[in-house]
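# An overview of the molecular structure
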Amino acid sequence: MRPIAFTPEDALLIIDMQRDFLPGGALGVPQGDEVLAPVNRLLRLFSKQGLPVYASRDWHPENHCSFAARGGPWPPHCVAGTPGAAFPNQLDLPAGAIVVSKADTADLDAYSAFNGTHLAAQLRERGVRRVVVCGLATDYCVLNTVIDARENGFEVLVVPEAMRAVDVAPGDGERALARMTGLGAEPVALDELAA
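As the structure is a prediction and not an experimental result, all values here were calculated from the model.

This paragraph deals with the overall build of the protein chain. Secondary structure assignment for the protein chain yields four helices and six strands. Element order for the protein chain, N to C, with α for helix and β for strand: β-α-β-β-α-β-α-β-α-β. Across the 195 residues of the protein chain, 50% fall into the buried class. Contacts spanning at least 24 positions in sequence make up 77% of the contacts within the protein chain whose residues lie at least 6 apart. When the 16 positive and 24 negative side-chain charges of the protein chain are each reduced to one mean point, those points stand 5 Å apart.

Following this line, the structure appears as structure tokens:
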């Protein structure tokens, strides 16, 4: 195992760590709360080195197209301004974290933190070349964020112990990780990341 050192060209992307995606939430990811400790460890690593942290969030209107009432696949979740859309108190986001709101119009869904946002431009403006991706859920928003990160030319490290899958079909999370790896994302263990 070789340690991976961070540089000013690195950024942390925390995907959709919101109350509604944690167990007991409107669309809870099984064992989603287990990623809080590893994500917080990543936050400490990035904060210690003064590196940028981005936290995406679903920020849906009440009549969002992904909701079952409009023919979408999901129950209502992460409605803008509601407690379920908030980040959990246990998530140690630094004061300088940049929040990226997505899927915030009724007729456009967005699994990726890049879709309909200015994230790619923000990262380029800061000189970021590599992103470390974690959060929820491996087989939806994490996967789509990684796909778009690679399409935008960013190197990607993914931290499997800081992600969990919905697994609508058994094995969806494993298949998503394999797809990310196939696109050039590199899975890394927390212990490989230099403090």
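Here the narrative resumes, following the displayed structure.
Rolled over the atoms, a probe with the dimensions of a water molecule shows which regions are left empty. Counted according to the given criterion, the structure contains one cavity of 30 Å³ or more. Quantified by volume, the largest cavity comes out at close to 160 Å³. F21, L27, Y111, Y140 and C141 are the residues nearest the centre of the largest cavity, which is lined by 15 residues in total. Looking at side-chain class alone, the lining of the largest cavity contains 10 nonpolar, three polar and two charged residues.

A separate point is the layout of surface pockets. Taken as a whole, the largest pocket encloses approximately 160 Å³ of empty space. If you list the elements that add at least two residues to the lining of the largest pocket, you get β5 (155-164) and α4 (172-182). Grouping the constituent residues of the lining of the largest pocket by class yields five nonpolar, three polar and three charged.

Attention shifts here to α4. Every buried residue of α4 is listed here: D172, G173, A176 and M180. In a view along the axis of α4, the buried residues occupy a sector of 95°, so they form one face of it. Projecting away from the buried face of α4 at angles above 90 degrees are the exposed residues E174 and G182. Those residues of α4 that are buried lie in contact with α3 (138-151) and β5.

Once that is clear, we can look at the packing of α3 against α4. One way to put it is that α3 packs onto α4 with a least axis distance of 9 Å and a crossing angle of 5°. By the angle between their directions, the pair α3 and α4 is classed as roughly parallel. On α4, the residues touching T138, D139, V142, L143, V146 and I147 of α3 are D172, G173, A176, R179 and M180. Residues belonging to the contact of α3 with α4 are distributed by class as follows: six nonpolar, two polar and three charged.

Thresholds, definitions, all that
- Residues numbered from 1 in each chain as written.
- Predicted model: local features only at pLDDT ≥ 70, side-chain atom pairs only at ≥ 80, totals over all residues.
- Heavy atoms only, no water.
- Helix = DSSP H or I, 4+ residues; strand = E, 2+ residues; numbered from the N terminus.
- Buried < 20%, exposed > 50% of the residue type's maximum accessible area, 1.4 Å probe, protein only.
- Contact = heavy atoms within 4.5 Å.
- Lys, Arg positive; Asp, Glu negative; His and termini not counted.
- Charge placed at Lys NZ, Arg CZ, Asp CG, Glu CD.
- 1 Å grid on protein atoms, 1.4 Å probe; cavity = no way out; pocket = protein on both sides within 12 Å on 5 of 7 lines; lining within 4 Å.
- Points joined across faces, edges and corners; volume = space filled by probe spheres on them.
- Nonpolar A, V, L, I, M, F, W, Y, C, P; charged D, E, K, R; others polar.
- Arc of directions from axis to C-beta.
- Axes fitted to C-alpha atoms, helices over the stretch in contact; angles between N-to-C directions.
- Parallel < 35°, antiparallel > 145°, perpendicular 65-115°, else oblique.

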